[in-house]
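Next come the chains, spelled out residue by residue.
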Amino acid sequence: GRMLVSVLLPVFNAERTLAIALESVRRQHDVDLECVAVDDGSSDGSLACLERAARADPRIRVIACEHRGIVDTLNQGLQACRGQLVARMDADDIMCSGRLSAQLELLRARPELSGVGCHVRLFPRSSSAPGPGSTSLAGRRDYERWLNSLQHEEHVARDRFVECPLAHPSWMLRGDVFREYGYREMGWPEDYDL
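Here is a short report on the structure shown in this document. (Residues numbered from 1 in each chain as written. Predicted model: local features only at pLDDT ≥ 70, side-chain atom pairs only at ≥ 80, totals over all residues. Heavy atoms only, no water.)

**Considerations on unusual backbone geometry**
The backbone of N13 sits at a positive phi, close to 45°, despite the residue not being glycine. Checked against the element boundaries, N13 lands in the loop between β1 (4-11) and α1 (15-26). Residue classification places N13 among the partly exposed residues on the basis of a relative accessible area of 34%. The phi angle at D30 is positive, at roughly 60°, despite the residue not being glycine. Topologically, D30 is positioned in the loop between α1 and β2 (32-40). (Helix = DSSP H or I, 4+ residues; strand = E, 2+ residues; numbered from the N terminus. Buried < 20%, exposed > 50% of the residue type's maximum accessible area, 1.4 Å probe, protein only.)

Shown next, in the form of structure tokens:
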């Protein structure tokens with residue numbers, strides 16, 4: 001039978017990018033999905049944007065909570081995910097339309113894998129536009145090149161202590177594995193910890 005994929009989407013003050021991110025979830029093809037969007041007490045129009053999207057598409061479920069931070073937000077959303085597979089997505093990212101179906105097929109073909117990630121293209125591409133964190137454009141491009149150089153499981157294992165070798169918003173994990181381990185507040189990045 002077909003497997004349900006839950007897209008776990010934490011949201012905090014992402015009004016500027018959220019509509020495009022949600023549209024990229026909605027346009028996934030060849031996959032049954034639900035999107036569990038958890039608003040972490042946003043003070044902008046994020047929650048209203050989520051509620052509009054949920055009215056337009058019943059696959060989108062919105063959970064609104066007071067601001068508690070990324071770890072609690074992810075864990076609350078994870079508990080609400082009903083899919084056999086859980087895919088991560090960030091509110092300022094865009095998914096290629098075949099991402100979820102490709103990851104689903106790989107996990108179906110490789111039952112020994114707990115999860116997969118995919119390559120990324122960081123944006124904006126120009127130095128004049130603000131990017132993630134305070135990282136320079138050259139630094140972001142180096143990071144992108146490194147991530148995308150990891151082509152096989154052996155590469156991921158080899159470079160696992162360089163940085164998190166699978167970009168967090170590109171993950172798809174088996175739901176039981178994801179729920180068993182969950183996220184922890186450890187004083188370092190929650191994705192690297194997991």
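Right, picking up where we left off after that structure.
**Overview of the nonpolar core**
Across soluble globular proteins, you tend to see nonpolar side chains buried next to one another. Within the largest apolar cluster, 28 residues are counted, with the highest numbers of intra-cluster contacts made by V5, L9, L18, L22, L100 and M172. Ranked by size, the runner-up nonpolar core spans 16 residues in total, among them V71, L78, V86 and C164. (Core = buried A, V, L, I, M, F, W, Y, C linked by side-chain atoms within 4.5 Å.)

**With respect to the environment of S24**
Along the chain, the position of S24 falls in helix α1. Separated by 21 residues in the primary sequence, S24 and M3 place their C-alpha atoms 20 Å from one another. Residues contacting S24, with those up to four places away along its chain left out, are M89, D93, I94 and M95. Within the structure, S24 has its side chain in polar contact with the backbone oxygen of A21 (distance 2.8 Å). (Contact = heavy atoms within 4.5 Å. Polar contact = N/O pair within 3.5 Å; in protein donor to acceptor, adjacent residues only side chain to side chain.)

**Regarding the layout of surface pockets**
What the second largest pocket holds in volume is close to 970 Å³. Together, 35 residues line the second largest pocket, and G115, V116, G117, V156 and L166 are the ones closest to its centre. Elements supplying a minimum of two residues to the lining of the second largest pocket: α4 (99-109), β5 (115-116), α5 (137-149), α6 (153-158), α7 (175-181) and α8 (190-193). In terms of residue count, the dominant contributor to the lining of the second largest pocket is α4 (four residues). (1 Å grid on protein atoms, 1.4 Å probe; cavity = no way out; pocket = protein on both sides within 12 Å on 5 of 7 lines; lining within 4 Å. Points joined across faces, edges and corners; volume = space filled by probe spheres on them.)

**Notes on the side chain of H168**
By the secondary structure assignment, H168 is in the loop between α6 and β6 (172-174). Look past the residues within four positions of H168 in its chain and what remains in contact with it is L74, R88, Y183, E190 and D191.

**What to know about the pairing of strand β3 (residues 60-65)**
Pairing between β2 and β3: six bridges, direction parallel. Bridge pairing in β3 links V38 to I63. Handedness of the crossover is the feature at issue here: the chain leaves β2, passes through helix α2 (residues 46-56), returns alongside β3, and the resulting connection is right-handed. (Pairing = 2+ DSSP bridges. Right-handed = clockwise from strand over helix to strand, strands pointing away.)

**As for the pairing of strand β4 (residues 85-88)**
Burial along β4 is two-sided: L85 and A87 facing one way and V86 and R88 facing the other are all buried. Across four bridges, the pairing between β1 and β4 is parallel. Across the sheet, L8 pairs through a bridge with R88, a residue of β4. Bridge count for β4 against β6 is three bridges, and the pairing is antiparallel. Its bridge partner being in β6, V86 is matched across the sheet by L173.

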